[in-house]
Amino acid sequence: MHFGLTDEQEMIVSTVRSFVENEIYPHEAEVERSGEVPPEVAEAIKQKTIDLGFYACNFPEEVGGAGLNHLEFALVERELGRGSMALNHFFGRPQNILMACEGEQRERYLLPAVRGERMDALAMTEPGAGSDVRGMTCSARRAGGDWVLNGAKHFISGADHADFIIVFVATGEDDTPRGPKKRITTFLVDRGTPGFTIRDGYKSVSHRGYKNCILEFDDCRLSDAQVLGEVDGGFAVMNEWLYATRITVATMSVGRARRCFDYALNYAAERKQFGQQIGKFQGVSFQIADMITEIDAADLLTLNAAWRLDQGLPANREIASAKVYASEMLARVTDATLQIYGGMGLMDDFPIERFWRDARVERIWDGTSEIQRHIISRDLLRPLGA
């Protein structure tokens, strides 16, 4: 077994890490204070990403992307995880499901997104349908040769900057032995479409400046040309997207945990109590040992899941394991770091309290920890008939 990175992969890691340290870190405190990313800062980050050749690095070269494989993209996301999500959003990684675009959709949505000319966002969650995706009530019906959308979505990240939204809605229902089962279709909806409104969402304690929005559809009329993939085939498209986002949550959790750990390690080596560095006390040193062990374990779980995708191997359980373990590891590492800092850890003189707050959402979005455990257990038990 070989765990080393190639020279090219090492270069990816060092390049993205340097970018985050030089282009993201300097703006974090202001974004945290104001809850806003200044437009000129957002544009500068996007342009520098394009200049580096990393914009849309998760897309194949044939459409203008950098052509990174799953493992290499996981390395990019791991380094981006060290920085503010509000800022690294403009590093630009369009939703991979845009590869399902066909014909005119490629010129209207896919290629401009890859070039950084248009930004996308994805809308799935509703007030009454989070983990229960099939419970969505936002729906589309046929009328006069078009589709008419009605309903609402919430917790939609990045919609405030998006030029178009990838929206999942119910387009019918099938009777099954387990009861009615909704059919889901994916639509591409442009900002400014009549009947479509984007408004501010809720104020979150996690990832300030990385806003969530509420989307409202009131007899919003769309043509067949705005259906992404097959009619009623949205669930398959959705699962393809969830693979990528769950690995992203895991990798970013690892990156953020490593940054937080660096603070804990240095503070333990410098801070003195009772005449010696606190790192010499087992109460602190053992926490340091546990933290790095868990971080390394999460890192290996995550990179293994990405590697399996590259090898064409089944990875559903491995991705779920990486997501649940890495996100929960991040919670433990940020909490332990705050404990090592003591009262100062809760003060905004240090970013520790921010890391602590930001960590909480990772166990919820893109599939809760409970959903991940369900995926893992079903994968193990179903072959045994249980």
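By convention here, each chain's residues receive numbers from 1 onward along its written sequence. Predicted model: local features are reported for residues with pLDDT of at least 70 only, side-chain atom pairs are reported and counted for 80 or more only, and whole-chain, interface and lining totals are derived from all residues. Heavy atoms from the whole structure form the basis of all side-chain values; hydrogens and water molecules are not counted.

J.: Pulling in residues and values, what's your account of the overall build of the chain?
T.: A run of H or I in DSSP counts as a helix once it spans at least four residues, and a run of E counts as a strand once it spans at least two, with each numbered from the N terminus. Scanning the chain from terminus to terminus reveals ten helices and ten strands. It is over C-alpha atoms that the radius of gyration is taken, and the globule rule equals 2.2 Å times the number of residues to the power 0.38. A globule of 386 residues ought to have a C-alpha radius of gyration of about 21 Å, and the chain, at 22 Å, matches this closely. Counting only C-alpha atoms and orienting by the principal axes, one finds that the chain spans roughly 80 × 55 × 40 Å. Across the 386 residues of the chain, 50% fall into the buried class. Whether two residues are in contact is decided by their heavy atoms, any of which lying within 4.5 Å being enough. Taking the intrachain contacts of the chain between residues at least 6 apart in sequence as the baseline, contacts between residues at least 24 apart amount to 74%. Carbon and sulfur atoms form 52% of the exposed surface of the chain, whose accessible area is close to 18,000 Å². Positive charge is attributed to Lys and Arg, negative charge to Asp and Glu, and no charge count is given to His or to the chain ends. Each charge is placed at NZ for Lys, CZ for Arg, CG for Asp and CD for Glu. Across the chain, 43 positive and 57 negative side-chain charges occur, with their mean positions spaced 5 Å apart. For each residue, the accessible area found with a 1.4 Å probe, counting protein chains only, is set against the maximum for its type, and the residue is called buried under 20%, exposed over 50%, and partly exposed in between. In this description, accessible areas are obtained by the Shrake-Rupley approach with a 1.4 Å probe, and a residue is regarded as covered only by the protein chains that are shown.

J.: Let's hear about a nonpolar patch on the surface: which residues, and what values?
T.: Side chains of Met344, Leu346, Met347 and Trp356 sit close together on the surface and give an oily, nonpolar patch of about 360 Å² of accessible area. Here Met347 falls in the partly exposed class, since its relative accessible area comes to 38%. What goes into a patch is any residue over 30% in relative accessible area without a salt bridge, connected to like charges within 9 Å or, for nonpolar side chains (Val, Leu, Ile, Met, Phe, Trp, Tyr), within 5 Å. Take a side-chain nitrogen of Lys or Arg and a carboxyl oxygen of Asp or Glu: if they are within 4 Å of each other, that pair is a salt bridge.

J.: Tell me what's going on with the domain arrangement of the chain, and back it up with residues and numbers.
T.: What marks off one domain from the next here is an automatic or database domain assignment. As far as domains go, the chain holds domain 1 (7–115), domain 2 (120–236) and domain 3 (242–384). One C-alpha centre belongs to domain 1, the other to domain 2; they are set 24 Å apart. At the junction of the two partners, domain 1 supplies 19 residues and domain 2 supplies 19 residues. Buried area: the accessible area, evaluated with a 1.4 Å probe, that two parts lose upon being put together, summed over both parts. For the pair domain 1 and domain 2, the two sides together bury roughly 1,800 Å², of which 61% comes from carbon and sulfur. Summed over the shared surface of domain 1 and domain 2, the result is three salt bridges. Any pair of nitrogen or oxygen atoms within 3.5 Å is treated as a polar contact; in protein, a donor-acceptor pairing is required on top of that, and neighbouring residues in sequence qualify only through side-chain atoms on both sides. Taken together, the links from domain 1 to domain 2 amount to seven residue pairs in polar contact (both at pLDDT 80 or more). For the side of domain 1 that touches domain 2, the element with the highest residue contribution is helix α5 (residues 104–115), accounting for four residues. For the side of domain 1 that touches domain 2, the per-class residue count stands at twelve nonpolar, four polar and three charged. Note that Gly is not counted as nonpolar here; it falls among the polar residues with everything else outside the nonpolar set of Ala, Val, Leu, Ile, Met, Phe, Trp, Tyr, Cys and Pro and the charged set of Asp, Glu, Lys and Arg.

J.: Break down α5 for me, with residues and values.
T.: Over its twelve residues, α5 runs 16 Å from end to end, which matches the ideal 16 Å to within 8%, given 1.5 Å per residue. For α5, every residue scored as buried is listed here: Gln105, Tyr109, Leu110, Leu111, Pro112, Ala113 and Val114. If you follow the buried residues of α5, they end up packed against β4 (164–176), β5 (179–190) and β8 (227–228). Taken from the residues just after α5, Gly116 is the one with a positive phi, measuring 85 degrees. To estimate how far a helix should reach, multiply one less than its number of residues by 1.5 Å.

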